[in-house]
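Chain residues, written in single-letter form:
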Amino acid sequence: MHTEASKCVTSTKIHTSSLPITISGLTKTYGIVSALSDVELRIKSGEFMTLLGPSGSGKTTLLMALAGFIRPDRGSVKFGDEEVIMKAPHLRGVGMMFQNYALFPHMTVEANIAYPLKIRGEDRNTVKEKVGQVLETVQLAGYGSRRISELSGGQRQRIALARAIVFKPKILLMDEPLSALDKNLRELMQLELRTMHERLGMTTVLVTHDQREALTMSDRIAVLRNGKIAQVDTSEALYVAPQSEFVAAFMGESSFLTVEPKESGYFFRDQKLMTDSVAEPVASRHLLVLRPEQLEFIQGTERAHYNCFEGTVERILFQGESCLGHVRLASGELVQVRRNLRESNKSTLPKVGDQVIVGLHRNETRIVTGE
Ligand code: ADP
Ligand code: MG
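Since we're looking at a predicted model, the values are computed, not measured.

Participant: Sorry if this is basic, but what is going on with a negative patch on the surface here?
Facilitator: Judged by side-chain charge, Glu293, Glu296, Glu302 and Glu364 come together as a negatively charged surface patch. Mapped onto the secondary structure, Glu302 falls in the loop between strand 15 (295-297) and strand 16 (306-318).

Participant: I tried to follow helix 3 (residues 124-137) on my own but got confused; where do I start?
Facilitator: Given 3.6 residues to a turn, an α-helix orients residues that are three or four positions apart in the same direction. Between its first and last C-alpha, helix 3 extends 20 Å over 14 residues, near the 20 Å set by a 1.5 Å rise per residue. When helix 3 is considered as a whole, its buried residues turn out to be Val127, Val131, Val134, Leu135 and Thr137. All buried residues of helix 3 lie within an arc of 150° about the axis, which places them on one face of the element. Opposite the buried face of helix 3, at more than 90 degrees from it, the exposed residues are Asn125, Lys128 and Glu129. In this structure, the buried residues of helix 3 make contact with helix 2 (109-118), helix 4 (153-165) and helix 5 (183-200). A distance of 3.1 Å separates the backbone nitrogen of Asn125 from a side-chain oxygen at the start of helix 3, and that oxygen is part of Asp123.

Participant: Can you help me understand the site of ligand 1 in this one?
Facilitator: In the region of ligand 1, the neighbouring residues are Tyr30, Val33, Ala35, Pro54, Ser55, Gly56, Ser57, Gly58, Lys59, Thr60 and Thr61. A distance of 3.1 Å is found between an oxygen atom of ligand 1 and a backbone nitrogen or oxygen belonging to Ser57. Thr61 has a polar side-chain atom sitting 2.5 Å from an oxygen atom of ligand 1. Across the complex, the protein chains shield 58% of the 560 Å² of accessible surface that ligand 1 would expose by itself. For the shell around ligand 1, the secondary structure elements donating two or more residues are strand 2 (33-43) and helix 1 (59-67). Across the shell around ligand 1, the residue classes break down as four nonpolar, six polar and one charged.

Participant: For this particular structure, what's the right way to read the packing of helix 2 against helix 4?
Facilitator: At their nearest, the axes of helix 2 and helix 4 sit 7 Å apart, and the two run at 30° to each other. Here helix 4 runs roughly parallel to helix 2, going by the angle between their axes. The two elements helix 2 and helix 4 cross, and the hand of that crossing is right-handed. Together, Val109, Asn112, Ile113 and Pro116 of helix 2 and Ile159, Ala162 and Arg163 of helix 4 make up the contact between the two elements. A class-by-class count of the residues in the contact of helix 2 with helix 4 yields five nonpolar, one polar and one charged.

Participant: Explain the nonpolar core to me, please; I cannot follow it from the model alone.
Facilitator: Across soluble globular proteins, nonpolar side chains have a tendency to be buried as a group. Core analysis: the biggest nonpolar cluster contains 35 residues, and Ile113, Ile159, Leu161, Ile165 and Leu172 have the highest contact counts within it. Top element by residues in this core is helix 4. It accounts for six residues. Contact partners of Leu161, with chain neighbours within four places excluded, come to Met97, Val138, Leu172, Leu193 and Met196.

Participant: How do you make sense of the packing of helix 2 against helix 3 when you look at a structure like this?
Facilitator: Helices that pack against each other are described as a pair by the angle of their axes relative to one another and the distance between those axes. Interaxial distance between helix 2 and helix 3 falls to 10 Å at its minimum, and their mutual angle equals 115°. Considering only the axes of helix 2 and helix 3, their crossing is right-handed. Residue-level contacts link Val109, Glu110, Ile113, Ala114 and Leu117 of helix 2 to Val127, Lys128, Lys130, Val131, Val134 and Leu135 of helix 3. Residues belonging to the contact of helix 2 with helix 3 are distributed by class as follows: eight nonpolar, no polar and three charged.

Participant: Would you take a moment to explain the domain arrangement of the protein chain for this structure?
Facilitator: Much of the literature gives interface size as the accessible area that the parts lose upon coming together. Its domain assignment divides the protein chain into domain 1 (2-239) and domain 2 (243-369). Taking only C-alpha atoms, the centre of domain 1 and the centre of domain 2 are 39 Å apart. With 14 residues of domain 1 in contact, the opposing surface of domain 2 contributes nine residues. Interface area, domain 1 with domain 2, both sides summed: about 1100 Å², of which 64% is carbon and sulfur. Among the residues of domain 1 in contact with domain 2, Gln211, Gln231 and Tyr239 are the three that bury the most area, contributing 50% of the side total. Viewed at the interface, domain 2 and domain 1 are joined by zero salt bridges.

Participant: I'm lost on unusual backbone geometry in this one. Help?
Facilitator: A negative phi angle characterises most non-glycine residues, just as the trans form characterises most peptide bonds. You will see that Asp38, though not glycine, has its phi angle at about 55°, which is positive. With respect to the helices and strands, Asp38 occurs in strand 2. For Asp38, a relative accessible area of 48% puts it in the partly exposed group.

Participant: What am I meant to see in the sheet that holds strand 11 (residues 255-262) here?
Facilitator: Paired through backbone hydrogen bonds, the strands of a sheet run either parallel or antiparallel to each other. Ordered in space as 13-12-11-14-20, the five strands form an open sheet in which the pairing is antiparallel. Bordering the open sheet on either side are strand 13 (271-272) and strand 20 (367-370), each of which pairs with just one other strand. As paired strands, strand 11 and strand 12 (residues 265-268) are joined by three bridges and run antiparallel to one another. Within strand 12, the residue paired with Lys262 across the bridge is Gly265.

Participant: Before we go on, may I ask you to explain the sheet that holds strand 18 (residues 334-340) in this structure?
Facilitator: Pairing is antiparallel in the open sheet, where five strands are placed in the order 15-19-16-17-18. With partners counted over all chains shown, the strands left at the sheet margins are strand 15 and strand 18, one partner each. Geometrically, the sheet is characterised by an average inter-axis angle of 45° between neighbouring strands, direction not taken into account. Relative to strand 18, strand 17 (residues 322-329) runs antiparallel, the two sharing seven bridges. Bridging across to strand 18, Val327 finds its partner in Val335.

The rules we used
Residues numbered from 1 in each chain as written. Chains lettered and ligands numbered in written order. Predicted model: local features only at pLDDT ≥ 70, side-chain atom pairs only at ≥ 80, totals over all residues. Heavy atoms only, no water. Patch = residues over 30% accessible without salt bridge, like charges linked within 9 Å, V, L, I, M, F, W, Y side chains within 5 Å. Areas by Shrake-Rupley, 256 points an atom, 1.4 Å probe, with all protein chains shown as cover. Salt bridge = Lys/Arg side-chain N within 4 Å of Asp/Glu carboxyl O. Lys, Arg positive; Asp, Glu negative; His and termini not counted. Charge placed at Lys NZ, Arg CZ, Asp CG, Glu CD. Helix = DSSP H or I, 4+ residues; strand = E, 2+ residues; numbered from the N terminus. Expected span 1.5 Å × (residues − 1). Buried < 20%, exposed > 50% of the residue type's maximum accessible area, 1.4 Å probe, protein only. Arc of directions from axis to C-beta. Contact = heavy atoms within 4.5 Å. Polar contact = N/O pair within 3.5 Å; in protein donor to acceptor, adjacent residues only side chain to side chain. Near = heavy atom within 4 Å. Nonpolar A, V, L, I, M, F, W, Y, C, P; charged D, E, K, R; others polar. Axes fitted to C-alpha atoms, helices over the stretch in contact; angles between N-to-C directions. Parallel < 35°, antiparallel > 145°, perpendicular 65-115°, else oblique. Left-handed = near helix turned anticlockwise from the far one by under 90°. Core = buried A, V, L, I, M, F, W, Y, C linked by side-chain atoms within 4.5 Å. Domains from an automatic or database assignment. Buried area = accessible area lost by both parts, 1.4 Å probe. Pairing = 2+ DSSP bridges.

Below, the structure written as structure tokens:
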């Protein structure tokens, strides 16, 4: 592991102000591809918003439209009350950080960080002072005269961050900034970026395809799919209350049972489900979400508050801290049940071939819309 990553960004205060971002009707097509389709999104002042979605869902296009590198076909982007859609990127005052750092490798750390200040016409002394301050913020004081090519991946990432924030932008945009780092360093940098955001308070928009990264870092997450926003919510709400099959599947491992809405409630085959969940009534399909960590093996006497499904254990996979049971329901579907091995007595784990009852607590029973 890289040792520099174990230090946290210092508590040196840099005060920045922030601005809300209002995106409306934003549309961008490339030939027949709809990269963004009528996107509406309000990002609060000082909020950490993550754009999450699979590859090709339009995340980069949306971020580039905020930065000004892409001119959308139509729609509006406001920073505060100001419409910026026609404004050149360098006049928008946003800080930016990308996956490939985009640092100048032959130049020193100092020269790289000074660049945005110089193009803003700041005088030499001010530049020196601000570069010194921001190097302290990212825990690399004393590295000013090194060349970029002499730094590790984590150090380069911090320099890229320093350069993005040195002019105290009110808005910080980051496109997969950590995806080139290995897992340990990536998780540390996630924490550091989050800490820094809490301290500096600028409005931050992060692009990632990594749902765990999104859950860890964000105040809210906008899930994108095919250039449209599928759902915007807090991390917790997205996880516990996804509205669609797509979001439920993207936010964790889930299996789904097709259910039927009737006047008296939702039914799985002949079984009426206990749930407070109400899905979009006009959807073509309704699905019950089954998350391995929400399912339990139920004894007959505990059934009152659970929706129960009978099945046979097909497989038990040992996965370290937990076990994953594959259960074939009597109705034919395969579902997965996760059991934490520290909490559960190993001797009570069912064995392959056992008849079991799988239970989902009524409060965790979610119906979502399918395709
Ligand atoms: P993401 O960042 O979520 O992976 P992008 O915003 O890069 O997605 O791309 C969204 C869609 O737009 C994709 O289908 C992509 O192929 C297409 N696209 C993006 N940029 C261009 C371009 N310059 N020319 C043609 N198609 C593009
Ligand atoms: Mg992208």
